[in-house]
Amino acid sequence: MRRFNLPQNGLFWTTAAYIVWGLTPLFYQHLRGVEALEIFAVRVLCSVPLMLVLLWVTATPFRVLKMLMVPRTFFWLLLSTACISISWYLNTWGATNGQVLMVSLAYFLTPLISILIGVIYLRERLTPLQWVALVLCSLGFLYACMSLESFPWLTIGIACAFGCYGVIKKQVRIDTLNGLTAETLLMVPFALFYLASMAGQTHWESGADNIRLLLVLTAPMTLVPLGLFAFGVARINNLSTIAVLQYIEPTLYFLLAVFVFGEAMDMERLTTFVLVWAGFIVFSIDAIRRAKLAKVIGPEKRDI
């Protein structure tokens, strides 16, 4: 049962989700000076009621408690919670500490990290184009390690955390909203522990009302695009479309970092990005090619 008569164009909603995600650094600039852990903790606590609202609005059956009672599912959700927590924290830290450019690079690398994890852990075989994409991105990362003034820990941290998150989510069958609701609930004890340990020292307690409002708004800034994505991706049949659309977010990060926030784009960083972009283009071409091939083979298999 649909609670609202919303347009059913999956491409529109999914694109909107990635655009909102890509513009979030504009919002986090207003929280500079606030500890990233505090932002993370408040966002988690404020996200719980909003997740329940999202489940209701999208008419998604509530299966969280049942899933958490299954030991195997609980184990994988605990791992995925650790990965998404690291990704959220590092993303927030980068956005509030003038490192949006390196966060952008992380999201360009993430799909290739996922492929590498799939090869090592799931014993997946790569296509020739995926090998080319992986080599190009690896060269970009190695060049960054050798040429930049400091090791790009922020980039590799986000890419590895989010890449592992995607692989872990494949181990358990769960829809996006119920999965994130379960992960948010698992984050709550850690958020409460941090805020309790920092009692009297947080911006929430000592800051102005506008800081409190911004901290509360971190929850909808996280969950609104997630709701758009969940609604849209369920209505897209071509997975290669999603593979290409996901690069809207890091592209917007890159443009904001260079042209709005004025972060330095020297020759070393430009060379790194060119190599990673080349890998992403090859990866996207391969995804589109394989999707078209699957579409041709699919009907033939059904006719056999």
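Structure's up top.
The present account deals with the structure reproduced in this document.

Reading the values: rules and limits
- Residues numbered from 1 in each chain as written.
- Predicted model: local features only at pLDDT ≥ 70, side-chain atom pairs only at ≥ 80, totals over all residues.
- Heavy atoms only, no water.
- Helix = DSSP H or I, 4+ residues; strand = E, 2+ residues; numbered from the N terminus.
- Buried < 20%, exposed > 50% of the residue type's maximum accessible area, 1.4 Å probe, protein only.
- Polar contact = N/O pair within 3.5 Å; in protein donor to acceptor, adjacent residues only side chain to side chain.
- Axes fitted to C-alpha atoms, helices over the stretch in contact; angles between N-to-C directions.
- Parallel < 35°, antiparallel > 145°, perpendicular 65-115°, else oblique.
- Left-handed = near helix turned anticlockwise from the far one by under 90°.
- Contact = heavy atoms within 4.5 Å.
- Nonpolar A, V, L, I, M, F, W, Y, C, P; charged D, E, K, R; others polar.
- Core = buried A, V, L, I, M, F, W, Y, C linked by side-chain atoms within 4.5 Å.

1. Structural notes on the environment of Arg212
Locating Arg212 in the fold gives a position in helix α10 (residues 209-233). What makes Arg212 partly exposed here is its relative accessible area of 23%. Along the primary structure Arg212 and Val42 are separated by 170 residues, whereas in three dimensions their C-alpha atoms are 9.5 Å apart. Here the side chain of Arg212 touches Trp204 through a polar contact of 2.6 Å, landing on its backbone oxygen.

2. Focus: the packing of helix α4 (residues 71-96) against helix α5 (residues 100-121)
Where α4 meets α5, the closest approach of the two axes is 9 Å, and the angle between their N-to-C directions is 155°. If you check the angle between α4 and α5, you find them roughly antiparallel. Relative to α5, α4 is oriented so that their crossing is right-handed. Only Val100, Val103, Tyr107 and Tyr121 of α5 make contact with α4, whose side of the interface consists of Trp76, Ser87, Asn91, Gly94 and Ala95. Of the residues in the contact of α4 with α5, the class split is six nonpolar, three polar and no charged.

3. Here we look at the nonpolar core
One finds Leu112 and Ile158 to be the most contacted residues of the largest nonpolar core, which totals 34 residues. Those elements that provide at least two residues to this core are α5, α6 (128-147), α7 (153-169), α12 (248-259) and α13 (267-303). Counting residues per element, this core draws most heavily on α5, at 14 residues. Leu112 has contacts with Ala133, Leu134, Cys137, Tyr247 and Phe283, leaving out every residue within four places of it along the chain. By size, the runner-up hydrophobic cluster in this structure holds 29 residues, among which are Trp76, Tyr165, Leu180 and Tyr194.

4. Thoughts on the packing of helix α2 (residues 36-57) against helix α8 (residues 176-197)
In contact at an axis separation of 8 Å, α2 and α8 are set at 145° when each is read in the N-to-C sense. α8 is crossed by α2, and the crossing has left-handed handedness. Contacts from Leu37, Glu38, Phe40, Ala41, Val44, Leu45, Ser47, Val48, Met51, Leu54 and Leu55 in α2 reach Leu177, Asn178, Leu180, Thr181, Thr184, Leu185, Met187, Val188, Ala191, Leu192, Tyr194 and Leu195 in α8. When grouped by side-chain class, the residues that make up the contact of α2 with α8 number 18 nonpolar, four polar and one charged.

These values are about where atoms sit, not about what they do.
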